[in-house]
Amino acid sequence: MPVQVDPNNVRLNLKSNNQEHLLSFHDKLTENEKSSLLSQINSLEFSRIAQIYKNATSNSSLTSSGTIEPLSNDSFASTIYESDQTQHEFANKIKDWEKLGLTLIRNNKVAVLLLAGGQGTRLGSSAPKGCYDIGLPSHKSLFQLQAERIKRLELLTQSIEELSDHPHPVTIPWYVMTSGPTKAETINFFERHNFFGLKKDQIIFFEQGVLPCLTNDGKIMLEDKSKVAKAPDGNGGVYRALAKEGVLDDMRKRGIIHVHMYCVDNCLVRVADPVFIGYCASKEAECGSQVVRKTNPAEPVGILCKRNGKFQVVEYSEIDKETTEKRDSKGQLLFRAANIANHYYRTNFLEKIAKEIEPKMEYHIARKKIPTVCLIQYLTTGELIKPTTPNGMKLELFVFDVFPFTEKLAVLEVAREDYFSPLKNAPGTNEDSPETSRRDIMNQHRRFLEAAGAHVRPDANGECTVEISSLVSYAGENLHRLSGLYLQCPIIINNEEDLEILIKNSKGK
């Protein structure tokens, strides 16, 4: 039930903040509606809302214009082999990063942070996007695919004796950021699936923040007579939510130092990727970012680079054609570090963001057609207006908006085909769709088998259906016993037993 709030105090607060219109219908509401509206208004942080509006509309940002520069070698590395390196040196570099990452995981210093507040609306589903089944033979959801990668890493680090002098349990805490509309259903989904084999107390759900919708002159809008119009504050709202929802306190109690953050819709994400974590830790970075190579100069992706000497993701529309086409001495695009919303943080930097940096970050304005009962100059009739042109704004922050506030950013380039396949569009669109997600996972799993020395044979229709559970192999390991064997598609490996049966049935073929 809404908390009882003194209407007189609310009126005084509204008057001092020039938002009196929010009580235009108060006297015509039922007692429950009055109580609900007063409670909503009382929870608004007017000074913070006013500052966010001022920063967003001031056009004073130093990061929205100026000279851009490519990333320098001291902040950039790649896991993609180039011919100017010796294979031995390259392999050892990757191995060292991986070993450091696995050691940190082994010592319970690593957590993962999942941004999962979105619904699968564009996919034709009202459920949280993480519940979506992309159509693999196993019919595993995105949540399950990611949970099993966490479980495999825990088991993998426990089995590597050189990482610890004494055995102890390994737990990778999984912090899942939901939104108001998705929180209950997300939790129910995890419960129905017994947390996908993970421990219940290692999964912590928390909720993304919201901000009121504003008119162009900064007035808070009403969705109806007794409800303030609100919208999610963007994935960059995670920084404030981490502090407000007690997540940073929980990380501190668990002794977490390194955090891997990612978005739920990337079916290829290597959750708690030890190579990425090890690389960032070796650089003593406050923050890190995985990137993939831009496929061509015209690809519409945000590029991580420097602007005015500060790290920033610059939208493709902000870079002129001549700049996008520049190449380095190796023939690679000079500005090629495509952002995939896959980041690393030290927990002390996350604490610094919440305390010092977030209030300085500039929210982005998304001008929208927002249904409202507010009319021009806030003379109201109570009639719901559904505008045909944008009449207000939603304010949002992006996770990468924190980059200009760090001097210690580590950027790691990874192969797109092994790390990034986003699910954005409806079935049948053939671009960032369930079909492309399914294809990219099965192609990756076929590469795992071939890298292990196996020979994969297509089925009678020339298709290669291959799925390997992450409980068996996180990134291609544990498949060496298949070397030299001829494997007939479809190839489905759900567990160690399936692997043993496949080896037995394929011998001599």
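Criteria and cut-off values
Residues numbered from 1 in each chain as written. Predicted model: local features only at pLDDT ≥ 70, side-chain atom pairs only at ≥ 80, totals over all residues. Heavy atoms only, no water. Domains from an automatic or database assignment. Contact = heavy atoms within 4.5 Å. Buried area = accessible area lost by both parts, 1.4 Å probe. Helix = DSSP H or I, 4+ residues; strand = E, 2+ residues; numbered from the N terminus. Buried < 20%, exposed > 50% of the residue type's maximum accessible area, 1.4 Å probe, protein only. Pairing = 2+ DSSP bridges. Salt bridge = Lys/Arg side-chain N within 4 Å of Asp/Glu carboxyl O. Axes fitted to C-alpha atoms, helices over the stretch in contact; angles between N-to-C directions. Parallel < 35°, antiparallel > 145°, perpendicular 65-115°, else oblique. Nonpolar A, V, L, I, M, F, W, Y, C, P; charged D, E, K, R; others polar.

**Remarks on the domain arrangement of the chain**
Argument step 1. Annotation of the chain at the domain level lists domain 1 (7–59), domain 2 (74–296 + 335–363 + 400–418) and domain 3 (434–508).
Argument step 2. Between the C-alpha centres of domain 1 and domain 2 the distance comes to 34 Å.
Argument step 3. The interface is formed by 20 residues belonging to domain 1 together with 21 residues belonging to domain 2.
Argument step 4. Together domain 1 and domain 2 conceal approximately 1,900 Å² of surface at their shared face, both sides included; 59% is due to carbon and sulfur atoms.
Argument step 5. Contact with domain 2 buries surface across domain 1, with Gln40, Arg48 and Tyr53 losing the most and accounting together for 27% of the total.

**Notes on the side chain of Thr323**
Argument step 1. Tracing the backbone shows Thr323 in helix H10 (residues 321–324).
Argument step 2. When near neighbours in sequence (up to four residues on either side) are disregarded, Thr323 contacts Ile68 and Phe335.

**Examining the pairing of strand S3 (residues 110–115)**
Argument step 1. Counting buried positions along S3 gives six out of six residues, so the element sits mostly inside the fold.
Argument step 2. With burial as the criterion, each face of S3 is covered, one bearing Val110, Val112 and Leu114 and the other bearing Ala111, Leu113 and Leu115.
Argument step 3. Bridge analysis of S3 against strand S4 (residues 174–178) gives four bridges, and the strand direction is parallel. Along S4, the bridge assignment pairs Leu114 with Val176.

**Considering the pairing of strand S17 (residues 409–413)**
Argument step 1. The element S17 is extensively covered by neighbouring structure, given that five of its five residues are classed as buried.
Argument step 2. On S17, burial covers both faces: Leu409, Val411 and Glu413 on one face and Ala410 and Leu412 on the other are all buried.
Argument step 3. Relative to S17, strand S2 (residues 76–78) runs parallel, the two sharing three bridges. Within S17, the position partnered with Ala77 by the bridge is Leu412.

**Focus: the side chain of Gln19**
Argument step 1. Mapped onto the secondary structure, Gln19 falls in the loop between helix H1 (7–16) and helix H2 (31–42).
Argument step 2. The residues touching Gln19, leaving out its near neighbours within four places in the chain, are Leu14, Phe46, Gly218, Lys219 and Ile220.

**Points about the pattern of salt bridges**
Argument step 1. Inspection of the entire model under this criterion finds 25 salt bridges.
Argument step 2. A salt bridge links Arg48 to Glu358; its shortest N-O distance comes to 3.2 Å. Here the residue Arg48 occupies a position in helix H3 (residues 46–57), and Glu358 occupies one in the loop between helix H11 (347–357) and strand S15 (364–368), the gap between them amounting to 310 residues.
Argument step 3. What makes Arg48 buried here is its relative accessible area of 16%.
Argument step 4. Classification of Glu358 by relative accessible area gives buried; the value is 5%.

**Digging into the environment of Gly124**
Argument step 1. Counting through the fold element by element, Gly124 comes out in the loop between S3 and helix H5 (142–158).
Argument step 2. Considering only alpha carbons, one finds Gly124 and Asn505, 381 residues apart in sequence, at a separation of 41 Å.

**Overview of the packing of helix H4 (residues 87–106) against H5**
Argument step 1. Contact geometry for H4 and H5: axes closest at 9 Å, N-to-C directions at 95°. In terms of orientation, H4 lies roughly perpendicular with respect to H5. Here Leu102, Ile105 and Arg106 of H4 lie close against H5, whose contacting residues are Leu153, Thr157 and Gln158.
Argument step 2. In the contact of H4 with H5, the residues fall into three nonpolar, two polar and one charged.

**Remarks on unusual backbone geometry**
Argument step 1. Residue Pro490 follows Cys489 across a cis peptide bond; omega there is 0°.
Argument step 2. Positionally, Pro490 belongs in the loop between strand S20 (486–488) and strand S21 (491–493).
Argument step 3. Residues other than glycine seldom take positive phi values, yet Phe196 does so here, at roughly 55°.
Argument step 4. With respect to the helices and strands, the residue Phe196 is situated in the loop between helix H6 (183–192) and strand S5 (203–207).
Argument step 5. For Phe196, a relative accessible area of 10% translates into the label buried.

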